[in-house]
Amino acid sequence: MAQKIILVTGSNGQLGSDIKALAGQFPDFNFLFTDRSTLSITDEAAINRFFAEHQPDFCVNCAAYTAVDKAEDVAELSNVQALNADAVGYLARACTAHNTKFIQVSTDYVFDGNGTEPYKETDATEPVSVYGSTKLEGEKLAAAFTDAIIIRTAWVYSTFGKNFVKTMIRLMNEKPQISVVSDQYGSPTYAADLAAAIMHIISSGNWAPGIYHYTNEGRINWHEFALAIKELIHSECEVKAIPTIQYPTPAKRPSWSVLDKTKIKETYQLEIPDWKTSLELCIGKMQ
């Protein structure tokens, strides 16, 4: 039986790198890992040529413009739009034409962040940033062209790439005191856990199109996240709690990013690790 082919775009980012790290555990699949140098997903003709040549069975789009504050710069708008929205439409169209199953990775930023209960997949979307609005447009394009699975996630960190955990470790090693906002709530996502969930979905044989939410279990704020990092690296750095108003950023940050994961757990019988367990695992790999 021929190996099924999985195309992973944005494979040098956090999630793509973690899927790459898992690939050896799935010998029944042939992985095609691409980045902007090997497949420009903002070039529809290039996508069509790639799909015609390789005929992937699955496409997991991990590519995105994720510099949330930089995205607010008018000069960057066309780049953000091209990667987070237009490219998703190109991939989705190619997936439809080649009968490829499509997984699009999205974000909690599609919501306005004013919630008080964990967001369900059916809750109204109302992004308040350019990043959020372009990612929402990408979701809509994915769903319009193909029976896509769209996975919204939040607070992603990994042993790969740049992220909050690595920044905190660096700052705690450099400074005697740092300040972290304590009025933005969410659930961290260890990219390795999300990568495993995606591979579980692909290998399950159960393709149930629609929107799903995935983060690690538990609800914390950024200050609590930083304190947990401090504890695990045995830092002496003082971590002060501050309100968002004392840390202004070009893009508005959601004060509430907690996602309800009932749907993905029930549909795919997923057991999702607690955030602190996964954080401990990630930091252990870094040390």
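Residues numbered from 1 in each chain as written. Predicted model: local features only at pLDDT ≥ 70, side-chain atom pairs only at ≥ 80, totals over all residues. Heavy atoms only, no water.

1. Quick look at the environment of Ala63
Tracing the chain through its elements places Ala63 in the loop between strand S3 (58-61) and helix H3 (77-97). The sequence separation of Ala63 and Arg36 amounts to 27 residues, and the corresponding C-alpha distance is 8.8 Å. Apart from the residues within four sequence positions on either side, Ala63 is in contact with Thr9, Gly10 and Ile41. (Helix = DSSP H or I, 4+ residues; strand = E, 2+ residues; numbered from the N terminus. Contact = heavy atoms within 4.5 Å.)

2. Quick word on the environment of Ile202
Along the chain, the position of Ile202 falls in helix H6 (residues 191-204). When its relative accessible area of 5% is taken as the criterion, Ile202 is described as buried. Leaving out residues up to four positions away in the same chain, Ile202 has contacts with Ile6, Phe29, Phe58, Val60 and Ile103. (Buried < 20%, exposed > 50% of the residue type's maximum accessible area, 1.4 Å probe, protein only.)

3. Notes on the side chain of His223
Mapped onto the secondary structure, His223 falls in helix H7 (residues 222-233). Relative accessible area serves as the criterion here: at 12%, His223 is assigned to the buried category. A polar atom in the side chain of His223 sits 3.0 Å from the backbone oxygen of Val239. Setting aside residues up to four positions removed in sequence, His223 forms contacts with Val180, Val181, Ser182, Val239, Lys240 and Ala241. (Polar contact = N/O pair within 3.5 Å; in protein donor to acceptor, adjacent residues only side chain to side chain.)

4. Comments concerning the packing of aromatic side chains
Summed over all chains, the structure comprises 14 aromatic pairs. Note on Trp155 and Phe225: the rings are 6.3 Å apart at their centroids and 15° apart in plane angle, and the pair reads as stacked. Within this pair, whereas Trp155 is found in the loop between strand S5 (149-153) and strand S6 (156-157), its partner Phe225 is found in helix H7, the two being separated by 70 residues in sequence. Like Phe225, Trp155 is buried. On the basis of an interplanar angle of 90° and a centroid distance of 6.0 Å, the ring pair of Phe225 and Trp275 is categorised as edge-to-face. Here Phe225, found in helix H7, pairs with Trp275, found in helix H9 (residues 275-286); they are 50 residues apart in sequence, far enough to count as distant. The exposure class of Phe225 is buried, given its relative accessible area of 0%. The buried category is assigned to Trp275, whose relative accessible area is 11%. Among the aromatic residues, those joined into a ring-pair cluster are Trp155, Tyr157, Phe164, Tyr190, Trp222, Phe225 and Trp275. Looking at Lys20, its charged tip hangs above the ring of Phe33, at a distance of 5.8 Å from the centre. If you follow Lys263 out to its NZ or CZ, it ends over the ring of Tyr212, 4.5 Å from the centre. (Phe/Tyr/Trp six-rings, centres within 6.5 Å; stacked < 30°, edge-to-face > 60°. Lys NZ or Arg CZ within 6 Å of the ring centre and 35° of its normal.)

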